[in-house]
Amino acid sequence: MSRVLRLGVVMDPIGAIHVHKDSTLAMLLAAQRRGWPLHYMERTDLYLRDGRCHARMRALEVHDDPRDWYRLEAPRDAPLAELDLVLMRLDPPYTLNYHYTAILLERAAAEGVTVVNRPDSLRLINEKLFTAWFPELCPPTLVSAERARLRAFLEEQGDIVVKPLDAMGGAGVFRLRRGDPNVSTVLEVMTAGHTPVMAQRFLPEIQDGDKRILLIDGEPVPYALARIPAEGELRGNLAAGGRGVARPLGARDREIAARVGPELVRRGVFFAGLDVIGDHLTEINVTSPTCIRELDAQCGLDIAGALLDALQAKLAAT
């Protein structure tokens, strides 16, 4: 018989989620189907006492119903070491508060709790900058706070995308072309306070979709969700109005996954989302990757179930 795992989740307020597309809810539903007790925490529920990570946690029941999707019991304070597994599912941006939360969870991990993804890697892997570990997979890329250097990159490439290093959902992304009269203003705003930004050659393949490839313990789900931009829009992100269409992975998609996956596994990143435009890797999402529900609905998959099966097998082997 499979072991029943005591599962905790650290997430943004569950009352504000979008039920039909929330990947964390998919994970919780899959865990509940397995008979695993669920324990709910928000960021501010975590605390350290004498070097041990504790939390005000509440027993949780979930339902796949957009009108009534959760029930919480009365809170109780307990050490996280009472749990077997904690899902860290706070959404970006990666702020100081996120950073501190990851440090608290590192203390829980030191006591034997499996935290997904591993807290030290959440601290160290910036979702845009980590692509630098795989330059051969990426479009021409510059990260800099110097406007003159960014201008020179634009002159060299002719057509670029500039984006902040700490945002999500396509927020703050600009397309700049050689001769654009808005270049100075955009770069001044984005690099204010000597803040570095990422510039990449514009990839026209974005019109065919910004593909999200999900990895479970380094292995890709066989379908990607191509986020196709709305008419007149640059960004394919679903949060920016993009339309998600499931597509089988191509040879290049699998090549990218095979290159990135082992390094993520080595760093304790059990669940990740690679963003691929055309043949190029553009981001590596490790904080709270999404698109589970869209792929499940379109392809008849159970990605959250596969994730929990893999986690259970991993825990059983340790």
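For the structure, check the block above.
Here is what the cut-offs are and how they apply
Residues numbered from 1 in each chain as written. Predicted model: local features only at pLDDT ≥ 70, side-chain atom pairs only at ≥ 80, totals over all residues. Heavy atoms only, no water. Disulfide = S-S within 2.5 Å. Buried < 20%, exposed > 50% of the residue type's maximum accessible area, 1.4 Å probe, protein only. Salt bridge = Lys/Arg side-chain N within 4 Å of Asp/Glu carboxyl O. Helix = DSSP H or I, 4+ residues; strand = E, 2+ residues; numbered from the N terminus. Phe/Tyr/Trp six-rings, centres within 6.5 Å; stacked < 30°, edge-to-face > 60°. Polar contact = N/O pair within 3.5 Å; in protein donor to acceptor, adjacent residues only side chain to side chain. Patch = residues over 30% accessible without salt bridge, like charges linked within 9 Å, V, L, I, M, F, W, Y side chains within 5 Å. Areas by Shrake-Rupley, 256 points an atom, 1.4 Å probe, with all protein chains shown as cover. 1 Å grid on protein atoms, 1.4 Å probe; cavity = no way out; pocket = protein on both sides within 12 Å on 5 of 7 lines; lining within 4 Å. Points joined across faces, edges and corners; volume = space filled by probe spheres on them. Nonpolar A, V, L, I, M, F, W, Y, C, P; charged D, E, K, R; others polar. Axes fitted to C-alpha atoms, helices over the stretch in contact; angles between N-to-C directions. Parallel < 35°, antiparallel > 145°, perpendicular 65-115°, else oblique. Left-handed = near helix turned anticlockwise from the far one by under 90°. Contact = heavy atoms within 4.5 Å.

Following the criterion strictly, the structure yields zero disulfides and no others. Cysteine Cys138 is unpaired, with the sulfur of Cys291 as its nearest cysteine sulfur at 19 Å. Of the cysteine sulfurs around Cys291, a residue in no disulfide, the closest is that of Cys299, at 12 Å. The exposure class of Cys291 is buried, given its relative accessible area of 1%.

This part covers the pattern of salt bridges. Note that side chains of opposite charge can pair when their charged atoms are close. On inspection of all chains with the given rule, the structure shows 28 salt bridges. Between Arg266 and Glu263 there is a salt bridge, and its shortest N-O distance comes to 2.7 Å. Here Arg266 and its partner Glu263 are both found in helix 6 (residues 251-266), three residues apart, which amounts to about one turn of the helix. The class for Glu263 is buried, based on a relative accessible area of 19%.

Let us look at the packing of aromatic side chains. Applying the stated criterion across every chain yields a total of four aromatic pairs. Judged by centre distance (5.8 Å) and plane angle (50°), the ring pair of Trp69 and Tyr70 falls under tilted. Consider the rings of Tyr94 and Tyr98, whose centres lie 5.0 Å apart with planes at 45°: the pair is tilted. Assessed through its relative accessible area of 29%, Tyr94 is described here as partly exposed.

Let us now look at helix 1 (residues 23-33). Within helix 1, nine of the 11 residues are buried, leaving the element largely enclosed by the surrounding structure. For helix 1, the complete set of buried residues consists of Ser23, Thr24, Leu25, Ala26, Met27, Leu28, Leu29, Ala30 and Ala31. Two or three places before Thr24, at the start of helix 1, stands the capping residue Asp22, its side-chain oxygen 3.1 Å from that residue's backbone nitrogen. One or two steps after helix 1, the chain reaches Gly35, where phi turns positive at roughly 80°.

Once that is clear, we can look at a nonpolar patch on the surface. A cluster of nonpolar side chains, namely Leu96, Tyr100 and Ile103, defines an oily patch on the protein surface of about 300 Å² accessible area. Take Ile103: it is sitting in helix 2 (residues 96-110).

Take the layout of surface pockets next. Of the voids in this model, the second largest pocket is the one considered here, and its volume is about 260 Å³. Taken together, 16 residues line the second largest pocket, and the ones lying closest to its centre are Thr114, Val115, Gly268, Phe270 and Lys314. Those elements that place two or more of their residues in the lining of the second largest pocket are strand 8 (114-116) and helix 8 (303-317). A class-by-class count of the residues in the lining of the second largest pocket yields 10 nonpolar, three polar and three charged.

This paragraph deals with the packing of helix 1 against helix 8. At a closest axis distance of 8 Å, the pairing of helix 1 and helix 8 adopts a crossing angle of 60°. As summarised for this structure, helix 1 and helix 8 are arranged oblique, according to the angle between their axes. When you trace helix 1 past helix 8, the crossing you get is right-handed. Here helix 1 contributes Ala26, Met27, Ala30 and Ala31 to the contact with helix 8, which in turn contributes Ala304, Gly305, Leu307 and Leu308. Across the contact of helix 1 with helix 8, the residue classes tally to seven nonpolar, one polar and no charged.

A cis amide bond links Pro92 with the next residue in sequence, Pro93, at an omega value of 10°. Mapping Pro93 onto the fold places it in the loop between strand 7 (85-89) and helix 2. Asn117 follows Val116 through a cis peptide bond whose omega is -5°. Positionally, Asn117 belongs in the loop between strand 8 and helix 3 (119-124). A positive phi angle, close to 50°, is found at Asp217, a residue other than glycine. In this fold, Asp217 is placed in the loop between strand 13 (210-216) and strand 14 (219-220). Even without being a glycine, Cys291 presents a positive backbone phi close to 90°.

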